[in-house]
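The residues making up each chain are set out below.
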Amino acid sequence: MTHSIIISGFGGQGVMLMGRVLCQAGMTEGKHVTWLPSYGPEMRGGTANCTVIISDEPVASPVVDSPEEVVVMNIPSLLKFEPIVRRNGYLFINSSVVDREPKRQDIKTIKVPANEIADQLGNLRVANMVMLGAFVFTTKCVNIESLIDAMKYKLKGKDSSIIELNVEAIKQGLRHVGG
Amino acid sequence: MDYKVAYKMPRSLSGKQFTYCPGCHHGIVHRLIAETIDELDLREKTIIVAPVGCSVFAYEFFDIDGTVAPHGRAPAVATGMKRARPDLTIFTYQGDGDLAAIGTAEMIHAANRGELITTIFINNAIYGMTGGQMAPTTLLGMKTTTSPYGRKAEKEGYPVHVCEIIKELQGVAFLARTKVTTPRDVMTTKKYIKKAFQAQLKGLGYSLVEVLSTCPTNWGLSPEKAIKWLEENMTKEFPLGVYVDKVGDAK
Amino acid sequence: MNKIMMKGTEAIGEAAIRAGCRLYFGYPITPQSELTEYMARRLPQVEGTFLQAESEVAAVNMIYGASSVGKRVMTSTSSPGFSLMQEGVSYIACAQLPSVFVNVVRGGPGLGDIQPSQGDYFQATKGGGHGDYKLLVLSPSTVQEAADLTGVAFELADKYRNPVLIFADGLLGQMMEPVSFSDKKVSYDNSSWALIGAKNRPARQVTSFNIDPYGLEKMNLELQKKYKLMEENEIRYETTLTEDADILIVAHGTMGRIAKSVVEMARKDGLKVGLFRPITLYPFPYEALRKSAADVSLVLTVEMSSGQMLEDVRLAIAERTRVEFYGRMAGVVPMPLEIYEVLKQKIGRRS
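What counts, and where the lines are drawn
- Residues numbered from 1 in each chain as written.
- Chains lettered and ligands numbered in written order.
- Predicted model: local features only at pLDDT ≥ 70, side-chain atom pairs only at ≥ 80, totals over all residues.
- Helix = DSSP H or I, 4+ residues; strand = E, 2+ residues; numbered from the N terminus.
- Rg over C-alpha atoms; globule rule 2.2 N^0.38 Å.
- Buried ≥ 20, exposed ≤ 12 C-beta atoms within 10 Å, placed from the backbone.
- Contact = placed C-beta atoms within 7 Å.
- Pairing = 2+ DSSP bridges.
- Axes fitted to C-alpha atoms, helices over the stretch in contact; angles between N-to-C directions.
- Nonpolar A, V, L, I, M, F, W, Y, C, P; charged D, E, K, R; others polar.
- Expected span 1.5 Å × (residues − 1).
- Core = buried A, V, L, I, M, F, W, Y, C linked by C-beta atoms within 7 Å.
- Domains from an automatic or database assignment.
- pLDDT = per-residue confidence, 0-100.

Even after reading the chapter, I still don't get the overall build of chain B, so can you show me in this structure?
Scanning chain B from terminus to terminus reveals ten helices and nine strands. In terms of overall size, chain B behaves like a compact globule, its C-alpha atoms giving a radius of gyration of 17 Å where 251 residues would be expected to give roughly 18 Å. Residue burial in chain B is summarised as follows: out of 251 residues, 55% are buried. Taking the contacts inside chain B whose residues are at least 6 apart along the sequence as the reference set, 67% of them involve residues at least 24 apart.

I keep staring at the sheet that holds strand β10 (residues 237-240) of chain C and nothing clicks. Help me out?
Sheets are built from strands that pair by backbone hydrogen bonding, the pairs being arranged parallel or antiparallel. All names here are of chain C. If you walk across this open sheet you meet the five strands as β10-β12-β11-β14-β15, and the pairing is mixed. The sheet is open, and its two borders are formed by β10 and β15 (322-327), each paired with just one other strand. Strand-to-strand twist across the sheet, computed as the mean angle between neighbouring axes with direction ignored, equals 20°. Taken together, the four bridges between strand β11 (residues 247-250) and strand β12 (residues 273-278) define a ladder with parallel strand orientation. Residue pairing for β12: I247 is matched across the bridge by V273. Docked against the sheet, helix α9 (residues 253-268) engages β10, β11, β12 and β14 (298-303), running at close to 170° with respect to β12. This element, helix α11 (residues 309-317), spans β11, β14 and β15 of the sheet and lies at about 160° to β14.

Even after reading the chapter, I still don't get the interface of chain C and chain B, so can you show me in this structure?
How large an interface is tends to be reported as the accessible area lost when its parts come together. Each partner contributes to the interface: chain C provides 32 residues, whereas chain B provides 30 residues. Within the residue set of the side of chain C that touches chain B, elements represented by two or more residues are β2 (23-26), β3 (49-52), α3 (56-68), α4 (79-94) and β9 (205-206) of chain C. Broken down by element, the side of chain C that touches chain B gets its largest block of residues, nine residues, from α3(C). By residue class, the composition of the side of chain C that touches chain B is 18 nonpolar, nine polar and five charged. Here two bridges tie strand β2 (residues 65-68) of chain B to β9(C), and the two strands are oriented parallel to one another. Each residue of the ladder has a partner; that of G66(B), found in β9(C), is Q205(C).

Sorry if this is basic, but what is going on with helix α4 (residues 127-139) of chain A here?
An α-helix turns once every 3.6 residues. As a result, residues three or four positions apart point the same way. Residue and element names in this part refer to chain A. In this model α4 runs 18 Å from its N-terminal to its C-terminal C-alpha over 13 residues, within 8% of the 18 Å that 1.5 Å per residue would give. Of all 13 residues making up α4, eleven are buried, and the element is well covered by its neighbours. Among all positions of α4, only A127, N128, M129, V130, M131, L132, G133, A134, F135, V136 and F137 are buried.

It is not clear to me how the nonpolar core should be interpreted in this structure. Could you clarify?
What tends to happen in soluble globular proteins is that the nonpolar side chains get buried as a cluster. With 246 residues, the main nonpolar core has V130(A), M131(A) and I249(C) as its most contacted residues. No other element matches the ten residues that helix α6 (residues 143-160) of chain C contributes to this core. No fewer than three residues from each of domain 1 (4-233) and domain 2 (238-350) of chain C sit in this core. Setting aside residues no more than four positions away along its own chain, V130(A) makes contact with V112(A), A114(A), I117(A), A118(A), A169(A), Q172(A) and G173(A).

So what exactly am I meant to see when it comes to the arrangement of the chains here?
Inter-chain contacts occur across two pairs of chains; the most extensive set of contacts lies between chains B and C. What separates chain A from chain B at the closest point of their C-alpha atoms is a distance of 34 Å, and the two make no contact.

How do you make sense of the domain arrangement of chain C when you look at a structure like this?
Residue and element names in this part refer to chain C. Along its sequence, chain C is carved into domain 1 (4-233) and domain 2 (238-350). Between domain 1 and domain 2, the C-alpha centre-to-centre distance is 28 Å. Contacts between domain 1 and domain 2 engage 29 residues on the former and 23 residues on the latter. Residue assignment for the side of domain 1 that touches domain 2 shows that the elements contributing at least two residues are α5 (121-125), β6 (136-138), β7 (163-169), α7 (170-174) and α8 (213-233). In terms of residues, the side of domain 1 that touches domain 2 owes the most to one element, α5, which gives four residues. Looking at the side of domain 1 that touches domain 2 residue by residue, the classes come out as 14 nonpolar, ten polar and five charged.

For this particular structure, what's the right way to read the confidence of the model for chain C?
Note that predicted coordinates carrying low pLDDT should not be read in detail. Mean pLDDT over chain C: 96, with 99% of residues reaching 70 or higher. At the level of chain-chain contacts, confidence expressed as ipTM amounts to 0.92, with global pTM at 0.94.

Would you explain helix α1 (residues 26-39) of chain B in this entry?
Residue and element names in this part refer to chain B. Here α1 is 14 residues long and its end C-alpha atoms lie 20 Å apart, about the 20 Å a rise of 1.5 Å per residue gives. Where α1 is concerned, the buried positions are H26, V29, H30, L32, I33, A34, T36 and I37. For α1, the elements touching its buried residues are β1 (46-50), α2 (58-61), β4 (118-123), α8 (183-201) and β8 (206-212). Where α1 terminates, the next one or two residues include D41, which has phi positive at roughly 55°.

Could you clarify how one ought to interpret the interface of chain A and chain C in this entry?
Facing the 17 residues of chain A at the interface are 22 residues of chain C. Only α1 (15-28) and β2 (32-37) of chain A provide two or more residues apiece to the side of chain A that touches chain C. The class makeup of the residues in the side of chain A that touches chain C is eleven nonpolar, four polar and two charged.

Please explain unusual backbone geometry as it appears in this structure.
Glycine aside, a negative phi is what most residues show, and trans is what most peptide bonds show. Residue and element names in this part refer to chain C. A cis geometry characterises the amide bond from T30 onward to P31, with omega recorded as 5°. When you line up the elements, P31 lands in the loop between β2 and α2 (33-42). Here G108 and P109 are connected by a cis peptide whose omega angle stands at -5°. Along the chain, P109 turns up in the loop between β5 (99-105) and α5. With a phi angle near 45°, R161 is a residue other than glycine that sits in the positive phi range. Within the secondary structure layout, R161 lies in the loop between α6 and β7.

For this particular structure, what's the right way to read the sheet that holds β2(B)?
The sheet built from eight strands is open, its strands ordered β9(B)-β7(B)-β8(B)-β4(B)-β3(B)-β1(B)-β2(B)-β9(C) with mixed pairing. Each having just a single partner strand, β9 (241-245) of chain B together with β9 of chain C make up the two edges of the open sheet. As paired strands, strand β3 (residues 89-95) of chain B and β4(B) are joined by five bridges and run parallel to one another. Bridging across to β4(B), F91(B) finds its partner in T118(B).

See below:
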C-alpha cells in the first residue's frame, strides 16, 4: 500500500510541518516515508508545497506525477493541483480559504473549514492540524494515535497548552469528517 | 689546537644548496627563519607552506616538514593546518605576486581572522620565476616585461602597500616591513621574524614580516647595484618599520 | 537502530561526524547551505572545528592544509562553487591527500539555477581540474544511502589517500527520509605520511610538484596504479529486475530512484524492464553494466543532463545493443510518467 500525497498552501499555513508530521507518524509505524519540499519550477508561483509518500515498500521515486491525495489550503494550490489528482483520489480543500468549487467529478472532494474550526479553538495557526486530523481519518495513511504522537514529537519543548490545543485541533478535524 | 664553533649552518636548514640567483635575498631570509626556528626550539613541530614563485622549492631548503600551496593560497592551506593541529607552528613564505595579487583574498582574510600563522612576505617588486613580469608592488615607471614602457598609474594602478592595508585589521598581532641589505638590517629582520613567530606561539594573532628584496636577474642589475636601487627607490615607496606589535619586548 | 527523519544534507553532515570528521571548511551556496549550517551547529558540540571560508577557493585549500596534517576533513558546495575548487582538487589529488567533497549539483552552466541537476557528471568523473587524476565519485539515491556512503567516503579517502566526491543534487539534499547511523567507534592513523613535525625522522614533504618530468611521470604512474586498484576493488552498483529484462534503464542518484518507479509501472503493464543504477560513477561499472545488458534489446539512459553518463554507458555497451537517451536539463526533473512515455515510444520505434 502506497500513499502519495501533495500538501499545498501559502507559506505560513504550516503545510511543510503537516508533511513532516505525517512522515514522522509513518516512520514510527515502520513504514517507508519520504518528504520532499517544493522543488524545480514548482517553487515559483505563490504556493509552498511538499510531496509525501508513505508506503509499505521502499519508496522509489520521491516525485509523483499524479498523487492519490492532495490537500489544498489556498486557491492557487487548488488551481495547480486539482488537475493532477489521481482518478478516484482525494482532494481535501480548506473551505475557509478556498471559496470555489473543484471542477472534477472523478475524484472525491472533502471540504474542511479548517480556519473556522481553528478559530473556534482560539488559534488560527492550528488550522493545519485540523486539516491533518480530517486527512488522516479519511485516508487511513497512518493511525490517529501515531499522528498525535508525531505532532507531539515535532512540538517537543513547546508549552503543554499548545500541545493540547494541537491535539484538540486534530480531534476536531477528524470529527468534522465523521470520526 | 682547540676550535670553538662560532658560526654554523642552522639545524633547521637542510643543507641543500640554494638555487637562487646570485645577489637574491631569499637565501638570507631563509637563514634568518631557520635560526629563529632553532632558537625557539620549534624544528620538530614547524611546517612550512611554500608558495608558487621563485621560492617554490623553499621547503627543500629547510629540514622541516613542508608543502607547496597552489599559487596565492598558502594562507588558506596554513589555516587548514593550524585549525587541524593547533599544536604545530605554521608559516607561509610568499612572494609579492603570490601574496598581493592572486592571493590577496586569502592573505587578508587569514589576517582578519587572526589566524595563528606567520607569513614571511618577500617583496622584490617583480615576478621572478616567470621571468620579470609586473608585480602588484612594481614601482611606478619601473619597466618589466609586461610593463615594457614603465608602470603607469593610470594604466596599471599604484604599487600595493600590504602593511599599510592590513595594519587596520584587528586580527593582526605583529606586522613589520624591513630589508636585508646591511648587517644592521639583517639583525633587525631577524628580530622581526622572531617576534612574528612569538605572536603565533603566544596565540596573539596573525603575523607578517615584509622583506624588501632584490631581484638582480630580472631588474637587470648587478647584485651590488640592485642593493643600491632598492635603497634608493623601494624604501621610499615602502616605508620600513613596525606597523603592529602586540608582542611587546621581552624583559 | 533508531531512525530519525533527516534531510539529505544533514544526514551527510551527521554521517561525516560519525566517521570521525572534526573539520569542515566551506562557503555558503544554495542548495547545500543546510549542510554548511548543520556543521556550524554540530561540530562545536563534538569539539570539532567549523570555519566559513572567504571563498570556495580558500575552502578547498583549507581542506588541503587540514588533510596534509593527517586529519579527516570535508567540505560541501554546489556546482559553481565546485568549479572554483577545481584547482585545489587537482593539487589534492596529486599530493594524495584524503578528503571528502560533497557537490549538491544544481542547474548550469554558468550561474544556472538552484534546482536539481546531474550536469556536473563530466566534471566529477573525467577530472574537473587540470592533469591526469581521478576522484572516487559516489552517487547516493536515498537519504540513508547518502549517510552510508559518507562513511564509506571517509574510509576510501584514507585507504587510497585520494579525494572522494559525493555527487548529490538538491532533491536528495532537501528531501527528508528516515535514517539511522552507525555507532561504530572510528579510529584512523595517518601519521605515516602526514606533516606533523620532523621529530625522530627525516623531514617530510607532501606536494603536488616535481619539476623533473621523469620524476613527475613517476608520481603520475603511482596515481594511475592507484586508480587501477580502485577500478578493480571499488565498483558499486545496484540492479533491479535485470535478470529477465528485455529493456534496461540506466540512471544514477535521484534519477535512479525515479527510474525505479518507471520499472514498477512498466512491469505492471507486462513490460520486462529492469534498472541498472551505478553507485560509483568513478570507477564506472562498465563490466557489470555490459553483463546486465547482455540479453536486452534496448538500453535507455536517463539523466538530469544533456547525456553525460550516456558516454560511459555507450563505452560499456559498445555497439552490441541500441542505446537511447532521455534527459532534462537546467533543474527540470523528469517525472516517472514522462520517462515511461518516452520508453514506450522508443520501444515502439523498434517494432
